Amino acid sequence: MKEGMSSVDIRYVVRELQWLVGSRVDKIYHDGDEIRIKLRTKEGRADLILQAGKRFHITSYVKESPKRPSSFTMLLRKYLAGGFIDAIEQHSFDRIVKLQIGGYTLIGELFGKGNIVLVDPENRIVSALRYEEYSDRSIKPNAEYRFPPARENPLEVGFKRFLELMREDENLELVRALARKLNMGGLYAEEISIRAGFEKTTPVNRLSDDDLGMVYEAMLKTFNDEPRPNIVFKDGSMHDVVPIELRVYGGLEKRYFKTFSEALDEYFGRITVEKAKEEQTRKLEAKKRALLMTLKRQEEMLRGFEKAMKENQEIGDIIYANYALVERLLEEFRKATETLGWEEFKKRIEEGRKSGNKVALMVKGIDPKEKAVTVELEGRKVRLHLTKSLGENAELYYEKAKKFRHKYEGALKAYGDTKGKLEEVEKLIEEELKKELKVRRIERKKRKWFEKFRWFVSSEGFLVLAGRDAGTNEILIKRHMEEEDLYCHADVYGAPHVIIKGGQKAGEKTVFEACQFAVSMSRAWSQGLYSADAYWAYPDQVTKQAPSGEYMGKGAFMVYGKRNWMHGLPLELAVGIISYEGEEYAVCAPVDAIKAHTRRYIIIRPGRLKKGELVKRIRGILGKWGYRVREEDLNAILPPGGGEIAELAGGS
């Protein structure tokens, strides 16, 4: 199973991610050997992951951010946050990526255990994920950053040089020669062999220059092949992720993706999720295994104690069941040992066995030191102490049985305790698996057409739209304003254009709300005004045609004819979660419009709180109400400038 990206993978993903050039770095997170860069792009938010020694791509699998940012995180934020990506490059054909951000370069080394290095405009190392000393370079603060020794780039090597490299060691098999001499790895060396029409094991010395010419052409075509990103499955499990269709994987199951970044994210993201699951339960599973081993030992002990208890009880009973015989044996053995001595007694017993004497055949052991003789009674070996009476001998076994009973009872209690602990651990494992993973996948829902604008639904149910900037103002009027709509605008320079879809059927309340929205979303809000004026007009009054000698810039339009004014409109809005077209949205709109669609909302007015602080407070309140809303989403819907929370409705 693939563990990291190849040089070819990096080539394709770097080409694919060029659309990120110009994106703004919002925030940076660091966890272990990876960093995640939150970007604001032309398409919205994007999370770029760079993991030392492994991968580089856009991700939707986002780990829970560490509660305390590391010193490396803070340093990266200091130099890169707020900057714009100027370039994304691969160094030569190596497993090295470079991100140029505002004069600084973030270098991701994706070979070996890897590294992430921040370099200043003078090519001096500012910081790194880990500091290293190599024979040919140093990764430490203030040192000049040097790339690892250059290797042959198969995309830049000419045919003459290609022949020289391949002929350097002609005894090598074709696949090995390509992999070693041209920095491509075994997989692509094998693919090129197949495409060129040669067995990968063919020795180079059997190939003519023309043959090698075919290999050279196959190499160039492979590394410039049309992207067809896919994950390769083997025996039902993920095996590899590649940017192009590979013949070497012919016949294997594949899943295709629109972009290579998506394929990489799904491949490595699923691995990350599985590892997170394993990590969540690893310690508990180890504890469970230890408890199961303890239970097994305790079960063996219980069986042993139960068996010993039973055997000793039965032997005590056997002694009494054979009362007369045991009494006679004790008497005879005592007399014999006293008269003959233990050595002679042993000798006589041996002789008796040979002659078939019944009593001698019963004897299974003699212990002169303990003055005891072991005999077989009812198939059991019974040890008889000659210095003790029959009752005392039986009592010895009963006492042993009693001791083993106590041990059994103690072991049974310990066994019960262990089972209880095991049940607790199993419950904890079950609960842990139910918990939200530390790695979650951000599902990017497709943005609906109206989400590119500021918008709300009026209290009468009409969709109201406003431009965000010159570009969206232009699009709103040119593409989305129709004959049955109404046009609204605040008497404030640079205010957004506002339209009410189907507004000519709307009542006065909707028109009032749209005009109030127009003044609230203008710079009047950031200026701290309490009221402003706005007007409404018909679509055919709005045109791009400028008066003679004037020029209408992007997002600017002229309004001719009668303007229907509304004076002294209050700058006041509300934030709430509303349901529209089957989905829930965080919306900022006039109070009555929000009130018509949700019970809980937050009323805001212009104020002294900075916008960032206002966003955090609103997010916190919504969170208490059970809504998880991202800061960037709130930031996008609130008016320009700061504000204050005036009132909470329907909750606290």
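What you see is a predicted model, and the numbers here were worked out from it, not measured in a lab.

Draft legend 1. Here's a closer look at the overall build of the chain. Helices and strands together make up the secondary structure of the chain, namely 17 helices and 31 strands. For 652 residues, the compact-globule estimate of 2.2 N^0.38 gives 26 Å, and the C-alpha radius of gyration of the chain, at 42 Å, exceeds that figure by more than 25%. Dimensions of the chain along its principal axes, counting C-alpha atoms only, are 150 × 80 × 50 Å. Going through the 652 residues of the chain one by one, you find that 47% of them count as buried. By sequence separation, contacts in the chain at least 24 residues apart represent 61% of the contacts at least 6 residues apart.

Draft legend 2. Spotlight on the side chain of Arg454. Among the structural elements, Arg454 can be located in strand S20 (residues 454-457). Asp469 provides the closest opposite charge to the buried, unpaired Arg454, separated from it by 8.9 Å. Among the polar contacts made by the side chain of Arg454, one reaches the main-chain carbonyl oxygen of Ile637 at a distance of 3.4 Å. Only 3.0 Å separates the side chain of Arg454 from the backbone oxygen of Leu638, close enough to count as a polar contact. Apart from residues lying up to four places away in sequence, Arg454 is in contact with Val464, Leu465, Ala466, Gly467, Arg468, Phe517, Met521, Ala636, Ile637, Leu638 and Pro639.

Draft legend 3. Highlighting the sheet that holds strand S28 (residues 573-580). Spatial strand order, S29-S28-S30-S31: 4 strands in an open sheet with antiparallel pairing. On the outer flanks of this sheet lie strand S29 (583-589) and strand S31 (643-649), each paired with one strand and no other. Across the sheet, the mean angle separating the axes of adjacent strands is 25° when strand polarity is ignored. For S28 and S29, the ladder comprises 7 bridges, and the chain directions are antiparallel. Counted as the bridge partner of Ile578 is Tyr585 from S29.

Draft legend 4. Quick peek at the nonpolar core. Counting 76 residues, the largest nonpolar core has Phe56, Leu106 and Leu178 as the members making the most contacts within it. With residues near it in sequence (within four places) discarded, Phe56 still touches Met5, Val13, Val14, Leu17, Leu48, Ile49, Leu50, Ile88, Val97, Leu99, Leu110 and Leu264. Ranked by size, the runner-up nonpolar core spans 72 residues in total, among them Val498, Ile499, Val519 and Leu634.

Draft legend 5. Here's a closer look at the packing of helix H4 (residues 174-181) against helix H5 (residues 185-196). Between H4 and H5, the shortest axis-to-axis distance is 8 Å and the interhelical angle comes to 130°. By the criterion of interaxial angle, the relationship of H4 to H5 is oblique. As H4 packs across H5, the resulting crossing turns out to be right-handed. Side by side, H4 and H5 meet where Leu174, Val175, Leu178 and Ala179 of the first sit next to Gly185, Gly186, Ala189, Glu190, Ile192 and Ser193 of the second. Among the residues forming the contact of H4 with H5, the class breakdown is 6 nonpolar, 3 polar and 1 charged.

Draft legend 6. Spotlight on the packing of helix H3 (residues 159-167) against H4. It is the contact of H3 with H4, at a shortest axis distance of 9 Å, that shows an interaxial angle of 115°. Crossing handedness for the pair H3 and H4: right-handed. Contact residues: Phe162, Leu165 and Met166 in H3; Leu174, Ala177, Leu178 and Lys181 in H4. Of the residues contributing to the contact of H3 with H4, the split by class is 6 nonpolar, no polar and 1 charged.

Draft legend 7. Representation of the pattern of salt bridges in the model. All chains considered together, the criterion is met by 47 salt bridges. In this structure, Arg137 engages Glu109 in a salt bridge whose closest nitrogen and oxygen atoms are separated by 3.0 Å. On the criterion of sequence distance, the pair formed by Arg137 in the loop between strand S11 (132-133) and strand S12 (138-139) and Glu109 in strand S8 (residues 104-109) is long-range, its members being 28 residues apart. Like Glu109, Arg137 is buried. It is possible to trace a salt-bridge network through shared partners that takes in Arg36, Lys38, Arg45, Asp47, Arg630, Glu632 and Asp633.

Draft legend 8. Inspection of helix H16 (residues 611-624) at higher detail. Between its first and last C-alpha atoms H16 spans 20 Å; for 14 residues at 1.5 Å apiece the expected length is 20 Å, and the two agree. All buried positions along H16 are accounted for by Leu614, Val615, Ile618, Ile621 and Leu622. Buried residues in H16, looked at end-on, bunch into an arc of 130°, giving them a common side. Buried-residue contacts for H16 involve S28, strand S30 (601-609), helix H17 (631-637) and S31. Remark: Gly626 follows H16 within two positions and exhibits a positive phi of approximately 95°.

Draft legend 9. Geometry of the state of the cysteines. Applying the stated criterion across every chain yields a total of 0 disulfides. You can see Cys488 has no disulfide; the closest cysteine sulfur is in Cys515, sitting 4.0 Å from it.

Draft legend 10. Examining the packing of aromatic side chains more closely. Scanning all chains against the criterion turns up 21 aromatic pairs. On the numbers, 5.2 Å between centres and 90° between planes, the contact of Trp455 with Tyr585 is edge-to-face. Placement of the pair is Trp455 in strand S20 and Tyr585 in strand S29, with a sequence separation of 130 residues. Grouping residues by exposure puts Trp455 and Tyr585 together as buried. Clustering of aromatic rings is evident, with ring pairs tying together Trp449, Phe450, Trp455, Tyr580 and Tyr585. Arg228 extends its terminal NZ or CZ atom over the ring of Tyr256, reaching a point 4.0 Å from the ring centre. The ring of Tyr397 is capped by Lys400, whose NZ or CZ atom sits 5.4 Å from the centre of that ring.

Draft legend 11. Highlighting the pairing of strand S14 (residues 237-242). Inspection of the sheet shows strand S13 (residues 230-234) paired to S14 by 5 bridges, in the antiparallel sense. Among the inter-strand pairings, Ile231 is bridged to a residue of S14, identified as Val241. Where S13 folds back on S14, the antiparallel hairpin that results is connected by 2 residues, among which Asp235 adopts a positive phi of roughly 55°.

Draft legend 12. Main features of H3. Of the residues making up H3, those classed as buried are Phe162, Leu163, Leu165 and Met166. Axial view of H3: buried residues confined to an arc of 165°, hence all on one face. Where H3 is buried, its residues meet H4 and helix H6 (209-223).

Draft legend 13. Highlighting the sheet that holds strand S7 (residues 96-101). The sheet built from 5 strands is open, its strands ordered S6-S7-S8-S9-S10 with antiparallel pairing. Each edge of the open sheet is held by one strand with a lone partner, namely strand S6 (85-90) and strand S10 (125-128). On average, each strand axis in the sheet is inclined to that of its neighbour by 15°, with strand direction left out of account. The strands that helix H1 (residues 7-16) touches are S6 and S7; relative to S6, the one it contacts most, it runs at about 150°.

Thresholds, definitions, all that
Sequence order as written defines residue numbering, which begins from 1 separately in each chain. Predicted model: local features are reported for residues with pLDDT of at least 70 only, side-chain atom pairs are reported and counted for 80 or more only, and whole-chain, interface and lining totals are derived from all residues. Side-chain measures here rest on the full set of heavy atoms in the structure, leaving out hydrogens and waters. By the criteria applied, helices consist of DSSP H or I runs no shorter than four residues and strands consist of E runs no shorter than two, each listed in order from the N terminus. The reference for a compact globule is 2.2 Å times residues^0.38; the radius of gyration itself is calculated from the C-alpha atoms. Burial here depends on accessible area, computed with a 1.4 Å probe over protein chains only, as a share of the maximum for the residue type. Under 20% is buried, over 50% is exposed, and the range in between is partly exposed. Contacts were defined at the residue level, with two residues in contact if any of their heavy atoms lie within 4.5 Å. When charges are counted, Lys and Arg are positive and Asp and Glu negative, with His and the chain ends excluded. The salt bridge criterion pairs a side-chain nitrogen of Lys or Arg with a carboxyl oxygen of Asp or Glu, the two atoms within 4 Å. Any pair of N or O atoms that falls within 3.5 Å is considered a polar contact. Within protein, one atom must be able to donate a hydrogen and the other to accept it, and sequence-neighbouring residues count only if both atoms are side-chain atoms. At least two DSSP bridges between two strands are needed for those strands to be called paired. What counts as an axis is a line fitted to C-alpha atoms, over the stretch in contact for a helix, and the angles between N-to-C directions run from 0 to 180 degrees. The set of buried Ala, Val, Leu, Ile, Met, Phe, Trp, Tyr and Cys residues whose side-chain atoms join them within 4.5 Å is what this entry labels a nonpolar core. For classification purposes, an angle smaller than 35 degrees is called roughly parallel, one larger than 145 roughly antiparallel, one from 65 to 115 roughly perpendicular, and anything else oblique. When the near helix sits turned anticlockwise from the far one by under a right angle, the crossing is termed left-handed; a clockwise turn instead gives a right-handed crossing. Three classes are used, and their members are as follows: Ala, Val, Leu, Ile, Met, Phe, Trp, Tyr, Cys and Pro are nonpolar, Asp, Glu, Lys and Arg are charged, and the others, Gly among them, are polar. Helix span, expected: 1.5 Å multiplied by one less than the number of residues in the helix. Here the arc refers to the directions that run from the helix axis out to each C-beta atom. Criterion for a disulfide: a pair of cysteine sulfur atoms within 2.5 Å. Under the pairing criterion, centres of Phe, Tyr and Trp rings, with the six-membered ring standing for Trp, must be within 6.5 Å; the plane angle then separates stacked pairs below 30 degrees from edge-to-face pairs above 60, leaving the rest tilted. A ring is scored as having a charge over it whenever the NZ atom of a lysine or the CZ atom of an arginine sits within 6 Å of its centre and within 35 degrees of its normal.

The analysis is restricted to geometry; functional conclusions fall outside its scope.
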